[in-house]
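Chain by chain, the residues:
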Amino acid sequence: MIEKKDIRALSKVELRDFFVTHGDKAFRGNQVYEWLWNKGVHSFEAMTNLPKQTREMLENHFSINHIQVDVMQRSADGTIKNAVRLHDGLLVESVLIPTDTRTTACVSSQVGCSLNCKFCATARLKRMRNLQPDEIFDQVKVIDNQSRIFFNRPLSNIVFMGMGEPLMNYNNVLSAIEKITSDEGLGMSPKRITLSTSGIPKLIRKMADDEVKFKLAVSLHSAIDEVRTSIMPFNENFPLSELREALEYWYRKTKNKITYEYVVWKDINDKKKDVDALIKFCRFAPSKVNLIEYNPIDDGDYQQADSSAIDMYQTMLENAGITVTVRRSRGKDIDAACGQLANKR
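Residues numbered from 1 in each chain as written. Predicted model: local features only at pLDDT ≥ 70, side-chain atom pairs only at ≥ 80, totals over all residues. Heavy atoms only, no water.

If you check an unreviewed UniProt entry, the protein chain appears there as Probable dual-specificity RNA methyltransferase RlmN from Capnocytophaga canis. Per UniProt, the comment on the protein chain under Sequence similarities (unreviewed entry) is "Belongs to the radical SAM superfamily. RlmN family." (UniProt positions renumbered as here; feature names shortened; annotations may be inferred.)

Caption draft 1: Spatial organisation of the packing of aromatic side chains. Within this structure, the stated rule accounts for 9 aromatic pairs. Plain terms: the ring middles of Y262 and Y313 are 5.2 Å apart, the flat faces sit at 50 degrees to each other, and that makes the pair tilted. In this pair, Y262 is assigned in strand 12 (residues 258-263) and Y313 in helix 10 (residues 307-319), connecting sequence segments 51 residues apart. Per residue, the accessibility class of Y262 equals that of Y313, and both read buried. Chaining the aromatic ring pairs together yields one cluster made of F18, F19 and F62. The ring of Y249 is capped by R205, whose NZ or CZ atom sits 4.9 Å from the centre of that ring. Directly above the ring of Y251 sits K255, whose terminal nitrogen or CZ lies 5.8 Å from the centroid. (Phe/Tyr/Trp six-rings, centres within 6.5 Å; stacked < 30°, edge-to-face > 60°. Helix = DSSP H or I, 4+ residues; strand = E, 2+ residues; numbered from the N terminus. Buried < 20%, exposed > 50% of the residue type's maximum accessible area, 1.4 Å probe, protein only. Lys NZ or Arg CZ within 6 Å of the ring centre and 35° of its normal.)

Caption draft 2: Here's a closer look at the domain arrangement of the protein chain. Here the domain parsing of the protein chain yields domain 1 (5-63) and domain 2 (68-334). Between the C-alpha centres of domain 1 and domain 2 there is a distance of 35 Å. Between domain 1 and domain 2, the residue contacts involve 10 residues of the former and 9 residues of the latter. Around 870 Å² of area is buried between domain 1 and domain 2 when both sides are counted, 46% of it from carbon and sulfur atoms. Broken down residue by residue, the surface that domain 1 buries against domain 2 is led by R8, W37 and N38, which jointly contribute 59%. Where domain 1 touches domain 2, the interface holds 3 salt bridges. (Domains from an automatic or database assignment. Contact = heavy atoms within 4.5 Å. Buried area = accessible area lost by both parts, 1.4 Å probe. Salt bridge = Lys/Arg side-chain N within 4 Å of Asp/Glu carboxyl O.)

So this is what it looks like as structure tokens:
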């Protein structure tokens, strides 16, 4: 039996060509494209403005490899975590994070992760494959529906902070964002999307050259090479000097401020010298710092820093004129917080 091609791998032009080749009108391709990306349907039968024989023809030629929510968990604070089953049986996780004013989708870009950050549960999973654009799109569509059902409002923001390193799946992530932001897709503003990366200099430069419109966040965690390498070993290949140059280039090309995501750990990066190095690093381009509460991943090797260390960071950064926020994690009781996504099921 020949495996059918996923129809969502086709562009609108290719869909139009398919219909012409099969003796139908080109505009049918436009209709199918709208069903797939604007309405997000998962069956040809649901494409009700197509003749029955056209739907049968599509069924004979194509599949729609959509995701399924295997398990949905709700936290005491309202956070929702989805265990998402892909068409080949693999699992990823995505999270809906609600506040009083917004709902944010935290989506995954890889099954597992390509990198080896020691504090992150996802990094302990081997990278099995990249997600396709439609699999990323589907996570957003699911969470938008959940936001409307549980919070009576549409999804307002998207962060690529789930499983995987988004820049190691560059083409598929950007293709997904194009579908999410297109008027023919979900029509979300790119300014409401943040891509969080551990910092791959050549790909940050490529994003700048590609003139992306979304926001950039960098998981920094230390501005001292030896310390950063000890917690994020890939830093040995992409040292801070190269990252800094790439971020300077990003700002020159985009004029978009950079967000640094930063966890403070006890006895690792909780000294004054660590804050001094961070302040110096922040000077290279306009930026802000999110100090993130650490979420343990069972083994106890990393521990949340004392509150006095967080206060020191906040005071010194503010005195240096750098915008800083302290971000409390959501969904910890269901392992949905930053660094905890690991498909424990």
